[in-house]
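# Observations on the model geometry
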Amino acid sequence: MFQHIEEPESVEESPVVSKRRTAVISLWNITERYNTLHQANWSDAVRSVIAGYQEEVIKAIDEGFDGKDIPDNMWSFSGALLYSITVITTIGYGHMVPLTPIGKIITIVYAVIGVPLFLLYLSNIGEIFATSFKWTYSRICKCQILRGHRRRAEYRVETLPHQIHPGLIELQKADPGKGSIRSRSISDRSLESSICTNEDDDEYSEEVIDDDKPESRNRVSVPISLSITVMICYICGGAILFGEWEGWGFLDGSYFCFITLTTIGFGDLVPGDSVKVDDDHTNDEDEFLGGLVNLQFIFVSLYIIFGMAVIAMCFSLMQER
């Protein structure tokens, strides 16, 4: 929708071009009028025209003129997608703005509807991610707990006969043949007596753990340090990737990712700035639209959507802590 509305306006010729054309025509008329016979009058008239044109160019630069007669088309499909996401996420880089009245009205309506829907998305997807993360974390912790319980159970089996009936070992050594049946009966009775009399003993009472029954996720508490580590890793990963694409340093890439995911969106660093179209090289439209600029816009859109869900997940986990 935004592409259909704003793209025709964005590919129009810059107003500076018409002013330059007007200035050239004025200079030619002055030259024809004064020729070379009235050099002083010609110089004064030319200075006046050039000074007026310079003022117009300076004013256009203040309004965003970048020196190109026809500005680059930012309103491709991927550019419009990035613009839509920056609106509903309230990031607002400011490098793409609607120029048409209908585009401005639709942006207002789109934001009024889209911002609450995006907040609802963050709430739901953050809870889903947090539940999945807690499940994974609980399974990892359960494996470690089970290994500890098994080691303690093995130690208990090895030391149990000595602590239940110390004379059992002596009996087995004295009469191995006859003592085997008797030792089993003594062991069974002693084991029952030990279990009945020591079921409250802290030294050997262990919680029964069922391998097939997952640990309750409501009791799982993910450490705050782990949540912070996940956020830092996500920001650093984006910093490395965007640094390679845009030619930014690691600090600038981290700064861009942080400003984006926190919805601050200063707009001093935006994706696609490093890709320039060479005026001397004719680019096919389909080739340009499928180039790196569009891939960056699409990836940034996905990075923002998924990244803000990760941030919501981490905050949800830290609130439970």
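What you are looking at is a predicted structure, and each value in this text was computed from that prediction instead of being measured.

### Examining the packing of helix α8 (residues 224-246) against helix α9 (residues 250-261)
Each pair of packed helices gets described by two things: the angle between the helix axes and the distance between those axes. Contact geometry of α8 with α9 gives a least axis separation of 8 Å together with a crossing angle of 125 degrees. When the interaxial angle is binned, α8 and α9 end up oblique. Every pair of crossing elements has a handedness; the one defined by α8 and α9 is right-handed. Two secondary-structure elements touch here, α8 through Y234, I235, C236, G238, A239, I240 and F242 and α9 through F250, G253, S254, F256, C257, F258 and L261.

### What to know about unusual backbone geometry
The phi torsion of most residues other than glycine is negative, and most of the peptide bonds are trans. A positive phi is found at T90, a non-glycine position, where the angle reads about 60 degrees. Residue placement: T90 occurs in the loop between α4 (77-88) and α5 (101-164).

### With respect to the pattern of salt bridges
Under the definition given, this model contains 3 salt bridges. When the shortest N-O distance is used, the salt bridge between E56 and K19 registers 3.1 Å. Placement of the pair is E56 in helix α3 (residues 39-62) and K19 in helix α2 (residues 15-34), with a sequence separation of 37 residues. Notably, a salt bridge pairs D44 with R47, separated by 3.2 Å at the nearest N-O pair. With D44 and R47 both in helix α3 and 3 residues apart, this pair spans about one turn of that helix. Judged by its relative accessible area of 55%, R47 falls in the exposed class.

### Brief notes about α8
Here α8 contains 23 residues, and its C-alpha end-to-end distance of 33 Å stays within 8% of the 33 Å for a straight helix at 1.5 Å per residue. Within α8 the residues assigned to the buried category are S227, M231, Y234, I235, G238, A239, F242, G243 and E246.

### Some remarks on the confidence of the model for the chain
This prediction gives the chain a mean pLDDT of 75; 66% of its residues lie at or above 70. The least confident element of the chain, judged by mean pLDDT, is helix α10 (residues 285-289) at 42; the most confident is α9 at 94. When the criterion is pLDDT under 50, residues 275-292 qualifies, and its contacts beyond four places in sequence or with other chains add up to 10 contacts.

### Remarks on the nonpolar core
Counting 21 residues, the largest nonpolar core has F242, F256 and I304 as its most contacted members. Of the residues forming this core, the biggest block, 5 residues, is contributed by helix α11 (residues 292-320). The contacts of I304, once residues within four sequence positions are left out, are L82, I85, T89, I91, Y93, T260 and L261. By size, the runner-up hydrophobic cluster in this structure holds 9 residues, among which are A130, M231, C314 and M318.

### A look at a nonpolar patch on the surface
A contiguous nonpolar patch, built from I102, I105, I108, V109, V112, I113, L117 and L120 and spanning about 780 Å² of accessible area, is present on the exposed surface. Of note, I113 is situated in helix α5.

### A short note on α4
For α4, built from 12 residues, the straight-helix expectation of 16 Å at 1.5 Å per residue is met to within 8% by its first-to-last C-alpha distance of 17 Å. When you tally the buried positions in α4, you get 10 out of 12 residues, the bulk of the element. Taken as a whole, α4 has its buried residues at S78, G79, A80, L82, Y83, S84, I85, T86, V87 and I88. The positive-phi residue at the C-terminal boundary of α4 is T90, with phi of around 60 degrees.

### Remarks on empty space enclosed by the protein
The final tally for this structure, using the stated rule, is 1 cavity of 30 Å³ or more. One number sums up the size of the largest cavity: a volume of about 30 Å³. Forming the boundary of the largest cavity are Y93, Y255, F256, I259, T260, G267, D268 and L269.

### What to know about the packing of α2 against α3
Where α2 contacts α3, the axes come no closer than 10 Å and their chain directions differ by 180 degrees. By the angle between their axes, α2 is roughly antiparallel relative to α3. Judged by residue contacts, V16, K19, R20, A23, S26, L27, I30, T31 and Y34 of α2 engage N41, W42, A45, V46, V49, I50, Y53, E56, V57 and A60 from α3. Counted by class, the contact of α2 with α3 contains 13 nonpolar, 3 polar and 3 charged residues.

### What to know about the packing of aromatic side chains
Tallied over the full model, the rule gives 13 aromatic pairs. Measuring from ring centre to ring centre gives 5.5 Å for F118 and Y121, while their planes differ by 35 degrees; the resulting arrangement is tilted. Remark: Y121 and F118 occur in helix α5; sequence separation between them is 3 residues, near one turn of the helix. With relative accessibility at 7%, the residue F118 sits in the buried group. Overall, Y121 belongs to the partly exposed group, its relative accessible area being 28%. Taking 5.6 Å as the distance between ring centres and 70 degrees as the angle between the ring planes, the aromatic pair formed by W245 and F299 counts as edge-to-face. Here F299 lies in helix α11 and W245 lies in helix α8, a separation of 54 residues in the sequence. Cluster of aromatic residues (ring-pair linked, three or more members): Y93, F129, Y234, F242, W245, W248, F256, F299, Y303 and F306.

So, how was this worked out
- Residues numbered from 1 in each chain as written.
- Predicted model: local features only at pLDDT ≥ 70, side-chain atom pairs only at ≥ 80, totals over all residues.
- Heavy atoms only, no water.
- Axes fitted to C-alpha atoms, helices over the stretch in contact; angles between N-to-C directions.
- Helix = DSSP H or I, 4+ residues; strand = E, 2+ residues; numbered from the N terminus.
- Parallel < 35°, antiparallel > 145°, perpendicular 65-115°, else oblique.
- Left-handed = near helix turned anticlockwise from the far one by under 90°.
- Contact = heavy atoms within 4.5 Å.
- Salt bridge = Lys/Arg side-chain N within 4 Å of Asp/Glu carboxyl O.
- Buried < 20%, exposed > 50% of the residue type's maximum accessible area, 1.4 Å probe, protein only.
- Expected span 1.5 Å × (residues − 1).
- pLDDT = per-residue confidence, 0-100.
- Core = buried A, V, L, I, M, F, W, Y, C linked by side-chain atoms within 4.5 Å.
- Patch = residues over 30% accessible without salt bridge, like charges linked within 9 Å, V, L, I, M, F, W, Y side chains within 5 Å.
- Areas by Shrake-Rupley, 256 points an atom, 1.4 Å probe, with all protein chains shown as cover.
- 1 Å grid on protein atoms, 1.4 Å probe; cavity = no way out; pocket = protein on both sides within 12 Å on 5 of 7 lines; lining within 4 Å.
- Points joined across faces, edges and corners; volume = space filled by probe spheres on them.
- Nonpolar A, V, L, I, M, F, W, Y, C, P; charged D, E, K, R; others polar.
- Phe/Tyr/Trp six-rings, centres within 6.5 Å; stacked < 30°, edge-to-face > 60°.

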